[in-house]
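Commentary on secondary and tertiary structure
Now for the letters of each chain:
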Amino acid sequence: MQTLAEAISEYGILGLIALFSVAAWRARRYGVNRLARGIAAGFGVIGAYIASESMKMLVTEMRPCHNFSVRTITSCPEASNWSWPSNHATIAVAITVGVLAMAPRLGLLALPMAGLIATCRVVVGVHYFHDVLAGALLGTVLVILAARWGTPPVRRLLHWSTRFSIVNRILSTESPRHHPGGAHRADRRLSRMSLRAAH
């Protein structure tokens, strides 16, 4: 269980990144607006990480594994690697909000993953609960703001970029299962129906 908690704590974000990628790919089906919202949310994730790092340098709170003489599940970061807020919780929740913005069903899968990552950061002994709560709040607020204010300019950029054929193909939502002969068969059926009506 300790090994599992450590693995989730360190590498669980990779699963959320994979979900974000799938959500972005599927968002094309629902039009440029939803994809633009996801891209804007992605910038929000980057902003949340930068904000988290900046706040760490300002607050300089020691981690619990340095404040208490206890054995932790994972190795304790250096003393200069501050505790508040939790970068992992910030990024995990920020990515989850981005997934929710593009694909709500996938977001329902991402939510417990983010919660588990944040919890494991406390379980392995490198963060306090208030570290992960602050990180979750920071990630949520910044991604919502980024999606709200960033979607219109990103949408305009996507519309402009469709003049390039490679981008137009990537953003195309035409189903590959559509058979090119289907339209011709439909035309022939319509012609036969017209002939019967004429007779």
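**Re the nonpolar core**
In this structure, Leu16, Ile95 and Val99 are the most contacted members of the largest nonpolar core, which totals 34 residues. Elements that contribute at least two residues to this core include exactly α1 (2-27), α2 (32-59), α4 (87-102), α5 (104-123) and α6 (129-161). Setting aside residues up to four positions removed in sequence, Leu16 forms contacts with Ala92, Ile95, Thr96, Ala110, Met113, Ala114 and Ile117.

**Considerations on α2**
Between the first and last C-alpha of α2 there are 40 Å, a value that for 28 residues agrees with the 40 Å anticipated at 1.5 Å per step. Among the residues of α2, Leu35, Ala36, Gly38, Ala40, Ala41, Gly42, Gly44, Val45, Ala48, Ser52 and Lys56 are the ones counted as buried. Where α2 ends, the next residue or the one after it, Thr60, has phi of about 50°, a positive value.

**Comments concerning the pattern of salt bridges**
Scanning the model with the defined rule gives one salt bridge in all. Note that Glu10 is salt-bridged to Arg121, the shortest N-O span being 3.2 Å. Placement of the pair is Glu10 in helix α1 and Arg121 in helix α5, with a sequence separation of 111 residues. Accessibility expressed as a relative area gives 4% for Arg121, which makes it buried.

**Remarks on the packing of α4 against α6**
Two numbers describe how α4 lies on α6: the axes approach to 7 Å, and their chain directions differ by 35°. Here the hand of the crossing between α4 and α6 comes out right-handed. Note on element contacts: α6 touches α4 through Val132, Gly135, Ala136, Leu138, Gly139, Thr140, Val143 and Ile144, opposite Ala89, Thr90, Val93, Ala94, Val97 and Gly98.

Rules and cut-offs
- Residues numbered from 1 in each chain as written.
- Predicted model: local features only at pLDDT ≥ 70, side-chain atom pairs only at ≥ 80, totals over all residues.
- Heavy atoms only, no water.
- Core = buried A, V, L, I, M, F, W, Y, C linked by side-chain atoms within 4.5 Å.
- Buried < 20%, exposed > 50% of the residue type's maximum accessible area, 1.4 Å probe, protein only.
- Helix = DSSP H or I, 4+ residues; strand = E, 2+ residues; numbered from the N terminus.
- Contact = heavy atoms within 4.5 Å.
- Expected span 1.5 Å × (residues − 1).
- Salt bridge = Lys/Arg side-chain N within 4 Å of Asp/Glu carboxyl O.
- Axes fitted to C-alpha atoms, helices over the stretch in contact; angles between N-to-C directions.
- Left-handed = near helix turned anticlockwise from the far one by under 90°.

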